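Coordinate inspection notes
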Amino acid sequence: QQQVRQSPQSLTVWEGETAILNCSYENSAFDYFPWYQQFPGEGPALLIAIRSVSDKKEDGRFTIFFNKREKKLSLHITDSQPGDSATYFCAASAQEGGSAKLIFGEGTKLTVSS
Amino acid sequence: EAAVTQSPRNKVTVTGGNVTLSCRQTNSHNYMYWYRQDTGHGLRLIHYSYGAGNLQIGDVPDGYKATRTTQEDFFLLLELASPSQTSLYFCASSAQGSTGQLYFGEGSKLTVL
């Protein structure tokens with residue numbers, strides 16, 4: 001059972017457009033949501049993260065929007081660049097209970113065309 | 001810069017074979033993780049550890065054993081490999097567990113024929 005779901009599986013945008021990657025989760029106890037970026041042949045790397053007490057987190061061209069009531073979040077990449085072409089993973093964990101498990105979604109493969 | 005090194009980077013074995021994937025981190029992190037990555041499933045947690053001698057079961061542990069011999073070294077063991085275990089395996093380390101940044105290695109590609 002996939003606890004963290006992402007959509008779409010793949011996304012193509014033109015250079016300069018805004019890419020929107022979606023994520024949803026099931027477990028209400030999840031309170032920390034990082035996004036990881038993975039380039040071919042490499043391991044994932046942390047891009048940006050948000051905690052459930054916030055509804056928005058910005059870092060340059062990357063913004064997370066978080067809706068706790070609907071258990072949904074999205075990653076917006078503004079002014080997309082060809083170098084942003086990668087696979088993006090949404091992940092979730094619950095701080096309560098001391099769990100050290102980080103659960104990942106299936107990933108969204110983003111292609112930015114020039 | 002946090003460093004996680006995996007070996008081997010590529011491994012081919014036959015059904016029923018024994019495989020050991022190795023991971024070493026030089027970050028002085030307490031937490032280490034083994035994930036497998038498959039198309040359509042993303043990254044799935046196999047086993048993880050809080051420290052030397054500690055082992056915690058992840059979400060897809062069947063067919064896998066793991067051992068954390070030191071703070072730096074975490075091994076994943078497949079004692080009777082099956083074709084369903086053909087995958088890309090990633091090791092990661094973290095100072096703060098799941099609510100901190102995970103640092104991933106470059107991956108180990110395993111093919112079971």
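Now for a quick tour of the structure.

For the rest of this paragraph, the subject is unusual backbone geometry. Note that the residue after Ser7 of chain A, namely Pro8 of chain A, is joined by a cis bond; omega there is -10 degrees. Considering the arrangement of structural elements, one finds Pro8 of chain A in the loop between strand S1 (4-7) and strand S2 (10-14). Geometrically, the link from Ser7 of chain B to Pro8 of chain B is a cis peptide bond, its omega value of -10 degrees lying close to zero. Note that Pro8 of chain B resides in the loop between strand S1 (4-7) and strand S2 (10-13). A positive phi angle, near 55 degrees, is found at Lys71 of chain A, a position not held by glycine. For Lys71 of chain A, the location among the structural elements is in the loop between strand S7 (62-67) and strand S8 (72-77). One non-glycine residue with positive phi stands out, namely Ser28 of chain B, at about 60 degrees. Position of Ser28 of chain B among the secondary structure elements: in the loop between strand S3 (19-25) and strand S4 (31-38). Overall, the relative accessible area of 57% leaves Ser28 of chain B in the exposed class.

The next subject is the interface of chain B and chain A. In this assembly, 23 residues from chain B lie in contact with 22 residues from chain A. Summed over both sides, the interface of chain B with chain A buries roughly 1800 Å², with 53% coming from carbon and sulfur. Three residues, Leu43, Ser98 and Thr99 of chain B, lead the burial of chain B against chain A; their summed loss comes to 32% of the area buried on that side. The tally of links between chain B and chain A comes to one salt bridge. Viewed at the interface, chain A and chain B are joined by four residue pairs in polar contact (both at pLDDT 80 or more). When residues of the side of chain B that touches chain A are traced back to their parent elements, those giving at least two are S4 and strand S5 (42-49) of chain B.

Looking at the largest pocket, its volume works out to about 500 Å³. Along the wall of the largest pocket there are 21 residues; nearest its centre are Thr87, Phe89 and Lys109 of chain A together with Gln37 and Thr39 of chain B. Residue assignment for the lining of the largest pocket shows that the elements contributing at least two residues are strand S9 (86-92) and strand S11 (108-113) of chain A together with S4 of chain B. It is S9 of chain A that contributes the most residues to the lining of the largest pocket, three residues altogether. Its residues assigned to classes, the lining of the largest pocket comprises five nonpolar, twelve polar and four charged.

Each value, and the rule that gives it
Residues numbered from 1 in each chain as written. Chains lettered and ligands numbered in written order. Predicted model: local features only at pLDDT ≥ 70, side-chain atom pairs only at ≥ 80, totals over all residues. Heavy atoms only, no water. Helix = DSSP H or I, 4+ residues; strand = E, 2+ residues; numbered from the N terminus. Buried < 20%, exposed > 50% of the residue type's maximum accessible area, 1.4 Å probe, protein only. Contact = heavy atoms within 4.5 Å. Buried area = accessible area lost by both parts, 1.4 Å probe. Salt bridge = Lys/Arg side-chain N within 4 Å of Asp/Glu carboxyl O. Polar contact = N/O pair within 3.5 Å; in protein donor to acceptor, adjacent residues only side chain to side chain. 1 Å grid on protein atoms, 1.4 Å probe; cavity = no way out; pocket = protein on both sides within 12 Å on 5 of 7 lines; lining within 4 Å. Points joined across faces, edges and corners; volume = space filled by probe spheres on them. Nonpolar A, V, L, I, M, F, W, Y, C, P; charged D, E, K, R; others polar.

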